[in-house]
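# Results of the structural survey
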Amino acid sequence: QVQLVESGGGLVQAGGSLRLSCAASGRTFSNYAMGWFRRAPGKEREFVAAITQSGGNTLYANAVKGRFTISRDNAKNTVYLQMNSLKPEDTAVYYCAAHSAPRIVVSTHLYTYWGQGTQVTVSS
């Protein structure tokens, strides 16, 4: 089992920044590739960003490319999502997730473990 706990969400004005954190516990964090997803009101959960076990490869959704950065600190068992130039359409509950395959994965159903989510609200 891997337990994931997100933090860092909140209310921010358009153009502002937030950094989300996801702390993992339970198993060896560096064995898991990580992803960030989000669900906006009335919409399906969607892929935001992913990072491999070593942090050497990352992938971003087109909607956030150039504004968001995913990173990880395996010594701290934590993955981050730095979000800059936030837009109202970024408003959503953000989730981190983990899987053990040695590759980038964007599909939600291929992730094994999920956090409870953290709310991000961007006002215009």
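Up top is the structure.
Presented here is a report on the structure given in the accompanying data block. (Residues numbered from 1 in each chain as written. Predicted model: local features only at pLDDT ≥ 70, side-chain atom pairs only at ≥ 80, totals over all residues. Heavy atoms only, no water.)

### Focus on the nonpolar core
In this structure, Leu-4, Met-34, Trp-36, Leu-81, Met-83 and Tyr-94 are the most contacted members of the largest nonpolar core, which totals 37 residues. Only β3 (18–25), β4 (33–39), β5 (46–51), β7 (68–73), β8 (78–83), β9 (92–99) and β11 (118–123) provide two or more residues apiece to this core. The residues contacting Tyr-94, other than those within four sequence positions of it, are Glu-6, Leu-20, Trp-36, Phe-37, Arg-38, Val-48, Phe-68, Leu-81, Met-83, Gly-117, Thr-118 and Val-120. (Core = buried A, V, L, I, M, F, W, Y, C linked by side-chain atoms within 4.5 Å. Buried < 20%, exposed > 50% of the residue type's maximum accessible area, 1.4 Å probe, protein only. Helix = DSSP H or I, 4+ residues; strand = E, 2+ residues; numbered from the N terminus. Contact = heavy atoms within 4.5 Å.)

### Describing the sheet that holds β8
Pairing within the open sheet is antiparallel, and its 4 strands lie in the order β1-β3-β8-β7. If you trace the sheet from one side to the other, it starts and ends with β1 (3–7) and β7, each paired once. Sheet twist, expressed as the mean angle between neighbouring strand axes with direction ignored, is 15°. (Pairing = 2+ DSSP bridges. Axes fitted to C-alpha atoms, helices over the stretch in contact; angles between N-to-C directions.)

### Concerning the packing of aromatic side chains
Summed over the entire model, instances satisfying the criterion amount to 5 aromatic pairs. Taking the centre distance of 5.8 Å and the plane angle of 75° together, the rings of Phe-37 and Phe-47 count as edge-to-face. You can see Phe-37 sitting in strand β4 and its partner Phe-47 sitting in strand β5, a full 10 residues away along the chain. Take Phe-37: its relative accessible area is 0%, and that puts it in the buried class. Accessibility expressed as a relative area gives 15% for Phe-47, which makes it buried. Both rings, one in Phe-37 and one in Tyr-111, keep their centres 5.0 Å apart while their planes meet at 80°; by these two values the pair is edge-to-face. (Phe/Tyr/Trp six-rings, centres within 6.5 Å; stacked < 30°, edge-to-face > 60°.)

### Things to note about the pairing of β4
The buried fraction of β4 is high, at 6 of 7 residues. Both β4 and β9 contribute to a ladder of 7 bridges, which runs antiparallel. Bridge pairing in β9 places Ala-33 opposite His-99. As paired strands, β4 and β5 are joined by 5 bridges and run antiparallel to one another.

### With respect to the state of the cysteines
Under the counting rule described, the total for this entry stands at 1 disulfide. Between the sulfur of Cys-22 and that of Cys-96 lies a disulfide, 1.9 Å long from S to S. On the sign convention where negative is left-handed, the bridge of Cys-22 and Cys-96, at about 50° about the S-S bond, is right-handed. Note that Cys-22 is positioned in strand β3 and Cys-96 in strand β9, a separation of 74 residues in sequence. Side by side, Cys-22 and Cys-96 carry an identical accessibility label, which is buried. (Disulfide = S-S within 2.5 Å.)

### Structural notes on unusual backbone geometry
The backbone of Asn-77 shows a phi angle near 55°, a positive value even though the residue is not glycine. Of note, Asn-77 is situated in the loop between β7 and β8. Its relative accessible area of 29% is what places Asn-77 among the partly exposed residues. If you check the backbone angles, Ser-85 has positive phi at about 50° while not being a glycine. Within the secondary structure, Ser-85 sits in the loop between β8 and β9. In this structure Ser-85 comes out as partly exposed when scored by relative accessible area, which is 40%.

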